[in-house]
Amino acid sequence: MQVLLVEDDNSLATGLSKALRNEGFAVNHVAEGRAALHVVATEPPEIIVLDLGLPDMDGLDILRQLRQSGSAVPVLVLTARASIDARVTGLDLGADDYLSKPFEIPELIARLRVIERRLSTQVDSTIRIGEVELDTLRREVTCGGEYVEMPRREYALLKSLMENAGKIQTREQLETRLYPWGEEVSSNAIEVHVHHLRKKLGNDLIKTVRGVGYTIRRS
Ligand code: CA
């Protein structure tokens with residue numbers, strides 16, 4: 001899942017980015033409102049975590065512009081403004097969720113998981129396809145009931161495919177979900193992860209759609 005973090009507090013942004021990456025999110029960070037709008041227009045993220053107090057724009061204006069431009073990307077607002085008025089305004093403008101600063105990182109992750117589940121074609125936190133079961137809360141994979149060791153990116157790739165079972169995802173889409181900007185990605189990175197996943201989970205689960213990308217059939 002690709003998250004755009006809009007936050008001008010650099011130490012907070014660094015900590016959040018690290019924590020979210022450990023949870024399997026691909027995180028891109030910008031510190032200003034205009035940069036955020038530019039990213040949304042050129043490379044739309046799947047979820048935005050939006051601080052309201054930004055140096056160049058008010059976060060609520062960003063939210064307003066986003067919704068006016070027709071973007072439906074889920075937005076989780078972070079704010080030190082704890083007043084009911086600010087919350088109501090944010091929700092009225094189309095924020096999907098609201099978290100007051102200071103907050104605990106596990107709380108943010110839990111809220112993002114809720115949004116993520118809403119976006120997915122799956123409704124449960126556990127996704128089962130054939131022999132393979134993926135528990136998105138515990139971040140565990142089993143195959144035929146046996147626990148399968150999964151490095152972070154393999155897990156993120158499998159999760160993205162299983163959550164979107166029945167849809168074809170291109171290599172580019174999968175890359176943006178797995179890797180943040182600026183990270184050196186070898187041209188066959190996705191193929192290599194798929195190869196490892198097939199070795200662990202069998203050859204039948206992940207289908208190659210020649211010249212396009214990959215898919216997993218819905219169970
Ligand atoms: Ca701020």
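Read on for a plain summary of the structure. (Residues numbered from 1 in each chain as written. Predicted model: local features only at pLDDT ≥ 70, side-chain atom pairs only at ≥ 80, totals over all residues. Heavy atoms only, no water.)

1. Regarding the overall build of the protein
Here is step 1: Looking only at helices and strands, one finds 8 helices and 12 strands in the protein.
Here is step 2: Whereas a compact globule of 219 residues would reach a radius of gyration of roughly 17 Å, the protein reaches 18 Å, a difference of no more than 12%.
Here is step 3: Burial analysis of the protein (219 residues in total) assigns 47% to the buried set.
Here is step 4: Within the structure as shown, the protein displays about 10800 Å² of accessible surface, and the carbon and sulfur contribution to it stands at 48%.
Here is step 5: Each charge sign in the protein was given a centre, from 28 positive and 33 negative side chains, and these centres are 5 Å apart. (Helix = DSSP H or I, 4+ residues; strand = E, 2+ residues; numbered from the N terminus. Rg over C-alpha atoms; globule rule 2.2 N^0.38 Å. Buried < 20%, exposed > 50% of the residue type's maximum accessible area, 1.4 Å probe, protein only. Areas by Shrake-Rupley, 256 points an atom, 1.4 Å probe, with all protein chains shown as cover. Lys, Arg positive; Asp, Glu negative; His and termini not counted. Charge placed at Lys NZ, Arg CZ, Asp CG, Glu CD.)

2. Let's talk about the pairing of strand β11 (residues 206-209)
Along any regular strand the residues' side chains alternate between the sheet's two faces.
Here is step 1: Strand direction decides the pairing type here: β11 and strand β12 (residues 213-216), joined by 4 bridges, are antiparallel. The partner of Lys 207 across the bridge, within β12, is Thr 215.
Here is step 2: Linking β11 back to β12 in an antiparallel pair, the connection comprises 3 residues, with Gly 211 at a positive phi of about 75°. (Pairing = 2+ DSSP bridges.)

3. Structural notes on the pattern of salt bridges
Here is step 1: For the structure on display, the rule yields 16 salt bridges.
Here is step 2: With a closest N to O distance of 2.7 Å, Glu 107 and Arg 111 form a salt bridge. With a gap of 4 residues between them, Glu 107 and Arg 111 both fall in helix α5 (residues 105-119), about one helical turn apart.
Here is step 3: On the basis of relative accessible area, Arg 111 is assigned to the partly exposed category, the value being 22%.
Here is step 4: We note a salt bridge from Glu 191 to Arg 171, for which the minimum N-O separation is 2.7 Å. Within this pair, whereas Glu 191 is found in helix α8 (residues 189-201), its partner Arg 171 is found in helix α7 (residues 171-178), the two being separated by 20 residues in sequence. (Salt bridge = Lys/Arg side-chain N within 4 Å of Asp/Glu carboxyl O.)

No statement about biological role is implied by the geometric values presented.
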